Amino acid sequence: MLAQAKVERRLTALSHLIQLAVIVAAVGAWAFLTSAHAINPLFLPAPLAVLKALVHLVGSRGFWGAVGVTTFTTAVAYAIAASAGIVLGFFIGRSPTLTAAYRPVLAGLFAIPLTLFFPLFVVMFGLGPASKIAFGALYGFFPIVLNTIAGFSGIDRLFLRSAQSQGATRAQTLRHIFLPGAWPVVLAGLRIGFFITFASVLGGETLSSAAGVGYSIAHEGDLLDSPPMFAWIAIVLTVTVLLNLALTVLEKRAVRSS
Amino acid sequence: MQSVAAKPPSAAAIRWWTIAGLVLLWEAAARLLGDPAFVAPPSLVLRTLPELLGDPKVVAALGTALLEIVTAFILAVIAGAIVGIAIGLTTLGRRTFYPFVLLLFGLPQVVVLPLVILIFGLGPASRIAFGFTHGVLPIMVTTITGMRSVSPLLISSARSQGATQAQMLRHIIFPTMIATVFTGLRLAMSLTLLGVVLAELFVSTNGIGNYTQIFAETFKPGKLYGLILVLAVTAVALNEIVALVEARFSRWKQS
């Protein structure tokens, strides 16, 4: 048993060491290839050029404007997606018949690239944030409603019937049976829905818009100015990873405390 | 048997009545409230469909998109399975590289779309590349997690009987892995579709993106809706084909 733990610890240490080596090698190769002019700097600018562009970008007023637009758009879209998804998911998931009726349709729609419908949103809502809000809300709605349905329809009917037979009120069954059972699945849906809304807003801004983070990345690409484009990409990816970590921790805590 | 047969029709009835109701609502809203320059009722979309599909250039653009999706998907499945096996083969490989794969899988790839267009140009190459990067990650994730389900007992017993690495791959790991790769196919198809569609729409000088742009700017919502409808139906059909293949293979795995 002890020997096994020792092997286990060595394995973990070794894997961390290799991970570190991979990262160092990747950055090293990046620096080497760009300084040796082996790669078109348009496709991959030197690390130092990206760093300079990053510092310049964060100090510029346009940067915070773009971040503001995307933050606002994502927040509104997510509020719509979350409230609609939870309310509808609750009403559908509570009833086995409605679950059987609507879940396959919703799951089937979610497997279609909804990005196809984005041109319609632009035609109807214009180039401003409204089309991105509608698009982000639509995309984020699906994982939230599907998880909410899964959460509430997964409740054991036996618990429900025994509570009802003992005279539990509607509010009591909701508080003590539906919520604790559904809560973890609903929360996971809310987390996934957030990232899908965020990615959809970015995607909408990249495809057609006049402001925001996605627009800025596409715009730098149009100008063939890759260091600021890489700086933007690095910022978005870093923020996504940090948000992912934060939401995962929050979710775990919320599940445990309930 | 009878009670089982009696229940689904009611759910199906609710489903179809709801869908019919929504289509009628769309028809009524588009006719009464919608601006005909931007909104098309479903009846108009259906009437425009023959004209749209009679245009050989539109059909060629649709055919190219379909070819891009299929190519990207096949490449993603092959590459994802190979890299996934290489990573999942050893505990060390899985511990070391699986976190990287999961990290990449969680990122919004759309932010690198302008870069992909810059590198691969305005033609099909960039759409195949972008569809590929979307499809390859779910295949890798399912392959790596699936390979963990290869029973260690089988491996150690094969090894103790002197099986070579090639024999282990052929008789133990390969049969298990093919079934697990298939469980990732549906997700991979839906993400490949997303990647190709994003890249198609981003480029407005040719392909689908060109037509959505033209139909929107010349106020032909009937054609715009029709084009999107055809693509959505294609996406559903591709998803269904993959689901059928997946079902066939998981049955084969159980037997």
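So, here is what we can say about the structure in this document. Note that the structure is predicted; figures quoted are calculated from it, not measured. (Residues numbered from 1 in each chain as written. Chains lettered and ligands numbered in written order. Predicted model: local features only at pLDDT ≥ 70, side-chain atom pairs only at ≥ 80, totals over all residues. Heavy atoms only, no water.)

Let's talk about helix H4 (residues 96-111) of chain A
Residues and elements named next belong to chain A.
Here's step 1: Counted at 1.5 Å a residue, the expected span for H4 with its 16 residues is 22 Å, and the 22 Å between its end C-alpha atoms agrees.
Here's step 2: Bending of H4 peaks at approximately 35° at the position of Tyr102, with proline Pro104 no more than four residues after it.
Here's step 3: Within the sequence span of H4, burial applies to Thr99, Ala101 and Leu106. (Helix = DSSP H or I, 4+ residues; strand = E, 2+ residues; numbered from the N terminus. Expected span 1.5 Å × (residues − 1). Bend = angle between axes of the 7 residues up to and from the residue. Buried < 20%, exposed > 50% of the residue type's maximum accessible area, 1.4 Å probe, protein only.)

Here's the deal with the nonpolar core
Here's step 1: Among the nonpolar cores identified, the biggest contains 112 residues, and Leu106 and Ile217 of chain A together with Leu113, Ile208 and Leu227 of chain B are the most heavily contacted of them.
Here's step 2: The greatest single-element share of this core, amounting to twelve residues, is contributed by helix H9 (residues 185-202) of chain B.
Here's step 3: When residues no more than four places from it in sequence are discounted, the contact partners of Ile217 of chain A are Met229, Trp232, Ile233 and Val236 of chain A together with Val111 and Pro114 of chain B.
Here's step 4: Counting residues in hydrophobic clusters, the runner-up holds nine residues, among them Ile87, Met140, Val141 and Ile144 of chain B. (Core = buried A, V, L, I, M, F, W, Y, C linked by side-chain atoms within 4.5 Å. Contact = heavy atoms within 4.5 Å.)

Looking at the packing of helix H4 (residues 91-105) of chain B against helix H6 (residues 124-147) of chain B
All names here are of chain B.
Here's step 1: At a minimum axis distance of 10 Å, the contact between H4 and H6 shows a crossing angle of 145°. In this structure, H4 meets H6 at a crossing whose hand is left-handed. Between H4, through Arg94, Tyr98, Val101, Leu102, Leu104 and Phe105, and H6, the contact on the second element is made entirely by Leu137, Pro138, Met140, Val141, Ile144 and Thr145.
Here's step 2: Taken together, the residues of the contact of H4 with H6 sort by class into ten nonpolar, one polar and one charged. (Axes fitted to C-alpha atoms, helices over the stretch in contact; angles between N-to-C directions. Left-handed = near helix turned anticlockwise from the far one by under 90°. Nonpolar A, V, L, I, M, F, W, Y, C, P; charged D, E, K, R; others polar.)

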